[in-house]
Amino acid sequence: QKLSSQNLADQRGAAGMLRQLAKRSAENRACIGEAGAIPILVSLLPTTDVSTQEHVVTALLNLSIYEENKARIITSGAVPGIVHVLKRGSMEARENSAATLFSLSLVDENKVTIGASGAIPALVLLLGNGSQRGKKDAATALFNLCIYQGNKGKAVRAGLVPILLELLTETESGMVDEALAILAILSSHPEGKAAISAAAAIPILVGVIRNGSSRNKENAAAVLVHLCNGEQQQQHLAEAQEQGIVTLLEELAESGTDRGKRKAIQLLERMNRFLKQQSQAQGDAMAQAHAQSQTLSQALVQVQADTQLEESLPPTSSHLPER
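Basis of the calculations
- Residues numbered from 1 in each chain as written.
- Predicted model: local features only at pLDDT ≥ 70, side-chain atom pairs only at ≥ 80, totals over all residues.
- Heavy atoms only, no water.
- Helix = DSSP H or I, 4+ residues; strand = E, 2+ residues; numbered from the N terminus.
- Buried < 20%, exposed > 50% of the residue type's maximum accessible area, 1.4 Å probe, protein only.
- Contact = heavy atoms within 4.5 Å.
- Areas by Shrake-Rupley, 256 points an atom, 1.4 Å probe, with all protein chains shown as cover.
- Core = buried A, V, L, I, M, F, W, Y, C linked by side-chain atoms within 4.5 Å.
- Axes fitted to C-alpha atoms, helices over the stretch in contact; angles between N-to-C directions.
- Left-handed = near helix turned anticlockwise from the far one by under 90°.
- Nonpolar A, V, L, I, M, F, W, Y, C, P; charged D, E, K, R; others polar.
- Expected span 1.5 Å × (residues − 1).
- Salt bridge = Lys/Arg side-chain N within 4 Å of Asp/Glu carboxyl O.

A. Main features of the overall build of the protein. Helix and strand counts for the protein stand at 19 helices and zero strands. Across the 323 residues in the protein, those meeting the buried criterion constitute 44%. When contacts within the protein are restricted to residue pairs at least 6 apart in sequence, long-range pairs at least 24 apart make up 68% of them. Accessible surface, the protein as shown: approximately 16,800 Å² in total, 52% of it carbon and sulfur.

B. Focus on the nonpolar core. In terms of nonpolar packing, the biggest core is built from 87 residues, with L123, L127, L160 and L186 touching the most fellow members. Among the elements that take part in this core, helix α13 (residues 176–186) stands out by supplying eight residues, more than any other. Among all residues touching L186, those that are not within four sequence positions of it are C146, K152, A155, V156, L160, V161, L164, G192 and K193.

C. Molecular detail of the packing of helix α15 (residues 202–211) against helix α16 (residues 214–227). Contact geometry for α15 and α16: axes closest at 8 Å, N-to-C directions at 145 degrees. α15 and α16 meet at a crossing whose hand is left-handed. Residue-level inspection shows I202, L205, V208, I209 and R210 of α15 in contact with α16, the latter providing N216, K217, A220, A221, V223, L224 and L227. Considered class by class, the residues forming the contact of α15 with α16 number nine nonpolar, one polar and two charged.

D. Examining helix α7 (residues 91–104) more closely. For α7, spanning 14 residues, the distance from its first C-alpha to its last is 20 Å, which sits close to the expected 20 Å at 1.5 Å a residue. Of all 14 residues in α7, 11 are buried; the element is thus mostly enclosed. A93, R94, E95, N96, S97, A98, A99, T100, L101, S103 and L104 are the residues of α7 that are buried. Looking at the buried positions of α7, the neighbouring elements they touch are α4 (50–64), α5 (67–75), α6 (78–88), α8 (108–115), α9 (119–129) and α10 (132–145).

E. Expanded view of the environment of F102. Mapped onto the secondary structure, F102 falls in helix α7. Note on F102: relative accessible area 29%, which makes it partly exposed. C-alpha of F102 to C-alpha of F143: the two residues are 41 residues apart in sequence and 8.8 Å apart in space. Leaving out residues up to four positions away in the same chain, F102 has contacts with T140, A141 and N144.

F. Region of the structure containing the side chain of N62. By the element assignment, N62 lies in helix α4. Residues in contact with N62, not counting those within four places in the same chain, are R19, A22, K23 and R29.

G. Molecular detail of the environment of A194. With respect to the element layout, A194 can be found in helix α14 (residues 190–198). Using a relative accessible area of 45% as the deciding quantity, one classes A194 as partly exposed. In sequence terms A194 and V156 are 38 residues apart; their C-alpha atoms lie 9.6 Å from each other.

H. Inspection of α9 at higher detail. Every buried residue belonging to α9 is among A119, I120, A122, L123, V124, L126 and L127, and all of these are buried. If you follow the buried residues of α9, they end up packed against α6, α7, α8, α10, α11 (149–157) and α12 (160–169).

I. Representation of the environment of L180 in the model. The topology assignment puts L180 in helix α13. Linking L180 and A222, residues 42 residues apart in sequence, is a C-alpha distance of 9.6 Å.

J. Spotlight on unusual backbone geometry. Here the phi dihedral of A200 falls at roughly 55 degrees; this positive angle occurs in a residue that is not glycine. You can see A200 is positioned in the loop between α14 and α15.

K. Just the pattern of salt bridges, in detail. Scanning the model with the defined rule gives 10 salt bridges in all. With a closest N to O distance of 3.0 Å, R19 and E92 form a salt bridge. With R19 in helix α1 (residues 8–24) and E92 in helix α7, this residue pair connects regions lying 73 residues apart in the sequence. Among the ionic pairs, K70 bridges to E67, the shortest N-O distance being 3.6 Å. Taken together, the positions of K70 and E67, both in helix α5 and three residues apart, correspond to about one turn of that helix.

Here it is, written out as structure tokens:
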């Protein structure tokens, strides 16, 4: 009743209390959902009162942990309101909006709904300019949303790849694990692969395989498997070889995680074929150069013989002096 009041102080107080109650227990989360609070909370998402908005979105986050409430939140039409807060709320409200979207996206069909709502560009923005907690919340939401193939292109077009690569180079950001996990998912998509390729990611990825944790080495290798396949395969393999990847892959194939070992072996097989082709091409080029050299030598010998013959011929009319 207080939440439905036209009195701003009552709304704020009720939203804050529901936020706390929903945090405490699964039983509370179930009771609040059954009491019909969710549609009223959703209606308050666009409020201009900062504290009320923070309480409302965080109450929805806490309520969403209870499985049946996820459906109630979605059917109440909450996603556009949550995205509104994600774009325009305080930093705390933006963080908790991202976390709510992550929680809701654990249900597969919700990934489609959230992806279609305009949430992805707003999450990419939070990943780029948010607080540390905001970046973490945005990353977990983006990772989960991008499991759905239809959301990968949206994330790439929103400028996600350059932000992820920047996070990889800023080791103090504490976001290397999340950034690599998302890159590994995006690299399986044509637009993702093209964006990673265009961003000159090979040296960064080789650096992770050299110095990263076991999980990060595995994800970096997974990205490289996708990059070193298709049209630019030879270019990327050559660049990776220049960065000293062969020894690193041999080590990963020996001592990495199971998935890391598989990816390392795949890359080593491709690298081996590439080096054989390169060696064959060099051999062919040398043979061709040798053949051309012999042809040229024969031509020179013939020219010299012709010259000697010409010098030995008797004078013709062209040698007569002018009169």
